[in-house]
Amino acid sequence: MVKLNINGKVHQVDVEPDMPLLWVLRDILKMTGTKYGCGVAQCGACTVHVNGEAMRSCSVPASVLEGKKITTIEGLAATKLHKVQQAWIDHEVPQCGYCQSGMIMAAVNLLEKKPKPTDADIDAAMSNICRCGTYVRVRAAIHAAAKA
Amino acid sequence: MNLNRVVTSRRHFLKTSAAVGGGLAIEFALPMQARGQAQGTAAQEVTAWILIHPDERVVVRVARSEMGQGSFTGLPMLVAEELQCDWKQVSAEYASTTEQMKRNRVWGSMSTGGSSSIRTSHEILRKAGATARQMLITAAAQNWGVPAIECVALNGVITHAASKRSTTFGRVADRAATLEAPKDVKLKDPKDWQLIGTSQKRFDIPDKVTGKQVYGIDVTLPNMLHASILQCPVFDGKVKSVDSSAAEKMRGVKQIVRLDNAVAVVADNWWRANQALKLLKVEWDEGANATVSSQSIMALLSDGLNDTAIPNAKKVGDVSAALAGAAQVMEAEYFTPYLNHATMEPQNCTAWVKGDKVEVWAPTQNAEAAVAEAAKALGVAPTQVEFHKMHLGGGFGRRGVLHDFVKLAVLVAKQVNTTTDVPVKLTWSREEDIKQGAYRPVSLYRMKAGLDAAGNVTAWHSRIAAPSIMLTFQPDRVRNGIDTNALGGFIDMPYTVANTQVDYSLKQPHVPVTFWRAVAHSQNPFARECFLDEMAQSNGKDPVEFRRALLKAGDKNLLVMEAAAKAAGWSVPLPVGVHRGIAVQDSYGSYAAAVIELSVSDQGEIDLKRVVVAVDPGYVVNPDSAKAQIESCVVYGLTAALYGEITIKEGRVEQSNFYDYPMLRINKMPKVEAVLVPTGGSTWGGLGEPPLSPLAPALCNAIFAATGQRIRSLPIKNHNLKKV
Ligand code: FES
Ligand code: FES
């Protein structure tokens, strides 16, 4: 049994020690907001926060996360939208939207660490892949959220 | 069970509600395909396209697919413009494919490809809006006993000025729904449009920022099993034998399914299925294709170019004579590679086989084609398929005509032996997705041009060797060995050259090919527009001036070139070390030109500074979405030009994931300026693909300006660039 604290709620899951958090979230807990894009820490579609750090959940076994605080896209906005989500809506960032849970989680983490990021900070922190090409709006929305 | 709220009986007195009728309870909340959920109130279907609720909410049915391009909002805007409803009350839902079959294809084409959603349905949709408006007005007029002609509708309110009476769409919708639809309705003059041409918020965005949007890959059903698949790595190969002893022992594994050309593991979650899949020992019958390589394909294309009996697709004047008499003859070969679509959402489909029926959930660009494929796989009539179209995590042509993911899901689900029928979700790993695509074709070009002493082009001979997409999907479109679809940009070249000839050699290696964003217009412009740049540069002419001399006055290619050049400040010198290139291409009814500015470092690294794209799509419905499509094409086009390459070794694809099929990321992303110059007229052009066409040539022309190196084969990453 692995005990996970996700979005403030404790879940007990009976999984193998090497099962990545991504699949525990998606297939065991049915929290499908976190996406599978590559499975090898390349694309960032699966990004979640673990103890305040952005992490690619496809490449972290859930079993090593016991006792840590995990936040997923579903837990980002309990009552009111996070300012990053609001900026995403204001700038109409998503196209197909598939990469956007990961993009948003990465952007939130960036702003937590650097409330006023420069373009270079954005380049360094936002390595997520978006096939629809929303990058120019991602950048604009991060700057807008930083001002919000 | 239907995920889209859809009417299931005849047109008159139709009612609909959010309640999901029949079947088993579904585990997840219904996706909010519509903005604003119907709260169980009865809605009236005024026409097949339009539902009106008593509380004034208007639901517009959308036949095409939403894959990020904004059709789920843009198409309803066309309806609402003529309906004269209150836009704030409008939401969208997918037209049901089941109803489409029952009701004689009342929604027309469901295909979402060729940048066609708006350009091929704007008239039907505007008419649908105008028709419903007239019916609503007639209903109100009948209620009041006044002539309909004296009533007007605005923002969902119908008014009869003379008697100072007014009512709302919601209050008369039930009566309107009983009326015969008028045959001829008059559409507004474009100058009177109030909604079309204004930027409206896309309906699908709110759920895409909270993780609520349910994509095909997220479908979750009671007792659902998960499958991971391995298809024969050599296309067209077969399974010879499978040793599944290790895989079967893995936790959660329910069954190993063997198909003709693939093996799948079915388990209680996908990760377990995929882990077990890696333990299978499969022996393949790879067939004759196992010796094919990128080199052998190149040799095949080369043979095609040298074929003396190569068919002629176009001939104007006499190129041979003109070349013989030219002061300068230029010749060059260009090459573009195979490309994978790499939709961010890997291929997937959920199938629930129930005897001779099947229920299917899939992301598709063409729901009717998906239904046909599911029916064929099960060996039943299409009416036995209940289909749920899901928003797509990217399409780009991969999910258009080819529904291999649907077929395989149904075949796997059919074989699953459980005591009760259960749904099976088949998800391809990214590796499977890269290796089992249908690809943008390779192509090899031999360009030959003759110029006179003043540097005017007198002859242009284009010879193209490439696979044909039509040969697979619509073989009757290949005539006398020619697939004109592969020749866009050449057979309709806008430049005035007295002697032109286009030859085409159809060479079809075993690698499957399909439509890939902009199709032939993703590659032909690279050869055409770079070769034209070669002609200009070798004569010391400005590339804009050189093109201007070859384009007829009034040609929209000229117009967008001028617009792009102006926005980019073409005549203004650039800072030291910064260089630019330009290219022009029309496709899918739209005209596009791009200017790219960049610099190249001493180490040969490209720093993309700025991309300006000007597009004339005739009309623009939702300008912000239109700009987003231009931005999208810039990324997709630059990614392909810089990095995109699928290579073949021993009959199989060599690449497997984003580490060897790299993507442009934000750190390399230039500034993008999207310039919309709609000129109206009778043609509505597309926006999902045309802006991509000039990207690769504009980029390579800029690289030439920066380095003096002419890139004649893509991708650019294979070249060692040096600064001049
Ligand atoms: S799925 Fe985890 S980084 Fe791509
Ligand atoms: S919005 Fe489609 S992949 Fe990013």
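**Structural notes on the sheet that holds strand β18 (residues 424-427) of chain B**
All names here are of chain B. Ordered by their spatial adjacency, seven strands build an open sheet running β10-β11-β8-β18-β15-β16-β17, and the pairing between neighbours is mixed. Each of the sheet's edge strands pairs with one partner strand only, and the pair in question is β10 (253-258) and β17 (385-390). Taking the axes of each pair of neighbouring strands and ignoring which way they run, one obtains an average angle of 20° across the sheet. The pairing of strand β8 (residues 225-231) with β18 spans three bridges and is classified as parallel. Paired with histidine 226 across the strands is lysine 425, a residue of β18. The strands touched by helix α10 (residues 367-378) are β15 (348-354), β16 (357-363) and β17; relative to β17, the strand with the most contacts, the crossing angle is about 140°. Relative to the sheet, helix α11 (residues 404-415) contacts β8, β10, β11 (262-267), β15, β16 and β18, its axis offset from that of β15 by approximately 40°.

**Some remarks on the domain arrangement of chain A**
Residue and element names in this part refer to chain A. Split by domain assignment, chain A resolves into domain 1 (2-75) and domain 2 (83-147). Here the C-alpha centroids of domain 1 and domain 2 sit 21 Å apart. If you look at the interface, domain 1 gives 17 residues, while domain 2 gives 14 residues. Note on domain 1 versus domain 2: buried area summed over both sides is about 1200 Å², and carbon and sulfur give 53% of it. If you look at where domain 1 meets domain 2, you find one salt bridge. Measuring nitrogen to oxygen at the nearest pair gives 2.9 Å for the salt bridge that ties glutamate 53 to lysine 113. In this structure, the connection of domain 1 to domain 2 is made through nine residue pairs in polar contact (both at pLDDT 80 or more). Residue composition of the side of domain 1 that touches domain 2, by class: six nonpolar, eight polar and three charged.

**Quick look at the packing of aromatic side chains**
Inspection of every chain in the model, using the stated rule, returns 17 aromatic pairs over all chains. Measuring from centroid to centroid gives 5.3 Å for B:Trp87 and B:Phe203, while their planes differ by 20°, and the two rings are stacked. Separated by 116 residues along the polypeptide, B:Trp87 in the loop between α1 (71-83) and β4 (90-94) and B:Phe203 in the loop between α4 (169-176) and α5 (205-208) bring together distant segments of the chain. Accessibility classification places B:Trp87 together with B:Phe203 in one group, the buried group. Put simply, the rings of A:Trp23, A:Tyr36 and B:Trp270 pair up and form one aromatic cluster. For B:Arg440, the ring lying beneath its charged end belongs to B:Trp516, and the centroid distance is 5.6 Å. Just above the ring of B:Trp570 sits the side chain of B:Arg580; from NZ or CZ to the centre is 5.2 Å.

**A look at helix α8 (residues 294-306) of chain B**
Along an α-helix, residues three or four positions apart point the same way, because every turn accommodates 3.6 residues. Residue and element names in this part refer to chain B. Helix length check: α8 (13 residues) gives 18 Å between terminal C-alpha atoms against 18 Å at 1.5 Å per residue, within 8%. The set of residues buried in α8 consists of Ile297, Leu301, Gly304 and Leu305. All buried residues of α8 project into a common sector of 100° when viewed along the axis, lining one side. Away from its buried face by more than 90 degrees, α8 exposes Gln295 and Asp303. Packed against the buried residues of α8 are β14 (328-336), β19 (443-451), β20 (457-466), β21 (499-506) and β25 (648-649).

**A word on the interface of chain A and chain B**
Facing 51 residues of chain A, the contacting portion of chain B comprises 59 residues. Carbon and sulfur atoms supply 57% of the area buried between chain A and chain B, which totals about 4700 Å² over both sides. The interface formed by chain A and chain B contains seven salt bridges. Here A:Arg26 makes a salt bridge to B:Asp218, at a shortest N to O gap of 2.9 Å. The interface formed by chain A and chain B holds 33 residue pairs in polar contact (both at pLDDT 80 or more) in total. Residue assignment for the side of chain A that touches chain B shows that the elements contributing at least two residues are α1 (21-28), α2 (73-76), α3 (83-90), α4 (100-113), α5 (119-125) and α6 (135-147) of chain A. Of all the elements, α6(A) adds the most residues to the side of chain A that touches chain B, at five residues. For the side of chain A that touches chain B, the residue count by class is 26 nonpolar, eleven polar and 14 charged.

Criteria and cut-off values
- Residues numbered from 1 in each chain as written.
- Chains lettered and ligands numbered in written order.
- Predicted model: local features only at pLDDT ≥ 70, side-chain atom pairs only at ≥ 80, totals over all residues.
- Heavy atoms only, no water.
- Pairing = 2+ DSSP bridges.
- Helix = DSSP H or I, 4+ residues; strand = E, 2+ residues; numbered from the N terminus.
- Axes fitted to C-alpha atoms, helices over the stretch in contact; angles between N-to-C directions.
- Contact = heavy atoms within 4.5 Å.
- Domains from an automatic or database assignment.
- Buried area = accessible area lost by both parts, 1.4 Å probe.
- Salt bridge = Lys/Arg side-chain N within 4 Å of Asp/Glu carboxyl O.
- Polar contact = N/O pair within 3.5 Å; in protein donor to acceptor, adjacent residues only side chain to side chain.
- Nonpolar A, V, L, I, M, F, W, Y, C, P; charged D, E, K, R; others polar.
- Phe/Tyr/Trp six-rings, centres within 6.5 Å; stacked < 30°, edge-to-face > 60°.
- Buried < 20%, exposed > 50% of the residue type's maximum accessible area, 1.4 Å probe, protein only.
- Lys NZ or Arg CZ within 6 Å of the ring centre and 35° of its normal.
- Expected span 1.5 Å × (residues − 1).
- Arc of directions from axis to C-beta.

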